[in-house]
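Here are the chains, one letter per residue:
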Amino acid sequence: MTMWDQFFWLIFPYLMLTIFVVGHVWRYNTDQFGWSAKSSEFLEKRYLRWGSTLFHWGIVFVFFGHVAGVLVPRQFFDMLGITDEMYHFGAVWFGGAAGVATIVGLFLLMWRRFSVKRILRNSTKADILVLILLTIVTLTGFTNTVAYTATGGHFDYRSTIGPWFRGILTFRPDIMLVVQSPFGFQLHIISAFLLFGIFPFTRLVHMWSLPLAYLRRKYLVYRAVNPKKALQLAKRSD
Ligand code: HEM
């Protein structure tokens, strides 16, 4: 094991996760009014509708794919009677579809941000960095799915990357599990941790502000105001 292995698979993940946690506390305490993804819908709608919908639905399923493939130990699936073949089928077809939706969505969002002048002018450096990093993370992840999971490449991330990642979360990571991983997987993980490191300083914080109250609250009725009618009503109520 080299010094670089120690850095990338031990120090770097904890450094990024620490920045992730402390950064959120700092951002919450100093910038609650800026805690948003600042809508640009009024500047451009067409690309946004498709790009944002595809990206967000795709990434939600990619997230659940990571829970199943990285966070949940294989033994749990064995216990439920889910065989490796069944898992593999899900990872290729459902994971693949989620990956394609995410990538197409990201491409549209990227195209929109760079080609629509007024969107570009209203973008911060952080907005652009997030899009580029998301694209790198997603493309490296998807390349692994295509090159290994879907086409039978010989690498089993469920008994290497999975236990290493769970070890990071439980503070006893075994670096040896990940040092031999193919370069594509390593690039995916390093870029993902980099994304976690910049997360609190970007628009990505909107992820923690899911408007769940919308599901329970009473309807708000919006009406277009007709100035003449409003004046008549006001006069009548005098
Ligand atoms: C350190 C955290 C992460 C680890 C350990 C990890 C690990 C993996 C592994 C092992 C795969 C291959 C899955 C398969 O082929 O079945 C994969 C695929 C993928 N990952 Fe990650 N990943 C991480 C973070 C992320 C993040 C933050 C994103 C997106 C923002 C992401 C997006 C993807 C995508 C799009 C795929 C392709 C799979 C699909 O199409 O559903 N990953 N990742």
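Structure shown above.
Computed from a prediction, not measured in an experiment: that's the story for all the values here. (Residues numbered from 1 in each chain as written. Predicted model: local features only at pLDDT ≥ 70, side-chain atom pairs only at ≥ 80, totals over all residues. Heavy atoms only, no water.)

Draft legend 1. The pattern of salt bridges, seen in detail. Here the structure, examined in full by the defined rule, presents 7 salt bridges. Arginine 27 is paired through a salt bridge with aspartate 31; the nearest N and O atoms lie 2.8 Å apart. Accessibility expressed as a relative area gives 7% for arginine 27, which makes it buried. Between aspartate 84 and arginine 158 there is a salt bridge, with its nearest N and O atoms 3.5 Å apart. Of this pair, aspartate 84 sits in helix α4 (residues 84–115) while arginine 158 sits in the loop between α6 (125–150) and α7 (161–169); the two residues are 74 residues apart in sequence, bridging distant segments of the chain. A single salt-bridge network, built from bridges that share partners, covers Arg74, Asp84, Asp156 and Arg158. (Salt bridge = Lys/Arg side-chain N within 4 Å of Asp/Glu carboxyl O. Buried < 20%, exposed > 50% of the residue type's maximum accessible area, 1.4 Å probe, protein only. Helix = DSSP H or I, 4+ residues; strand = E, 2+ residues; numbered from the N terminus.)

Draft legend 2. Here's a closer look at the site of the ligand. In the vicinity of the ligand there are 23 residues, among which His66, Gly95, Thr149, Tyr157 and His188 approach most closely. A distance of 3.0 Å is found between an oxygen atom of the ligand and a side-chain nitrogen or oxygen belonging to threonine 145. Side-chain polar atom of tyrosine 157 to an oxygen atom of the ligand: 2.5 Å apart, as the coordinates give it. Going through the elements one at a time, α2 (46–71), α4, α6, α7 and α9 (183–198) are the ones with two or more residues in the shell around the ligand. Of the residues forming the shell around the ligand, the biggest block, 7 residues, is contributed by α6. (Near = heavy atom within 4 Å. Polar contact = N/O pair within 3.5 Å; in protein donor to acceptor, adjacent residues only side chain to side chain.)

Draft legend 3. Quick peek at the coordination of the iron atom of the ligand. Donor atoms from the polypeptide that coordinate the iron atom of the ligand comprise His66 (NE2) and His188 (NE2), at 1.9 to 2.0 Å from the metal. Classification of the site at the iron atom of the ligand rests on its 6 donor atoms, whose angles at the metal span 88 to 179°, yielding the label octahedral. With histidine 66 in helix α2 and histidine 188 in helix α9, this pair connects stretches of sequence that are 122 residues apart. A relative accessible area of 39% means that histidine 66 is categorised as partly exposed. (Donors = N, O, S within 2.8 Å, 3.2 Å for Na, K, Ca; no water. Tetrahedral: all angles 85-135°; square planar, octahedral: opposite > 155°, others 65-115°.)

Draft legend 4. Inspection of the side chain of histidine 24 at higher detail. In this structure, histidine 24 sits in helix α1 (residues 3–30). Excluding its chain neighbours within four sequence positions, the residues that come into contact with histidine 24 are Ile19, Trp35, Phe199, Pro200, Val205 and Trp208. (Contact = heavy atoms within 4.5 Å.)

Draft legend 5. Summary view of the environment of methionine 176. As for its position among the elements, methionine 176 is in helix α8 (residues 176–179). It is 9.1 Å that separates the C-alpha atoms of methionine 176 and tryptophan 9, two residues lying 167 residues apart in sequence.

Draft legend 6. Main features of the packing of α2 against α4. Between α2 and α4, whose axes approach to 7 Å, the crossing angle comes to 145°. Viewed along their axes, α2 and α4 form a crossing whose handedness is left-handed. Per-class residue counts for the contact of α2 with α4 are 17 nonpolar, 7 polar and 1 charged. (Axes fitted to C-alpha atoms, helices over the stretch in contact; angles between N-to-C directions. Left-handed = near helix turned anticlockwise from the far one by under 90°. Nonpolar A, V, L, I, M, F, W, Y, C, P; charged D, E, K, R; others polar.)

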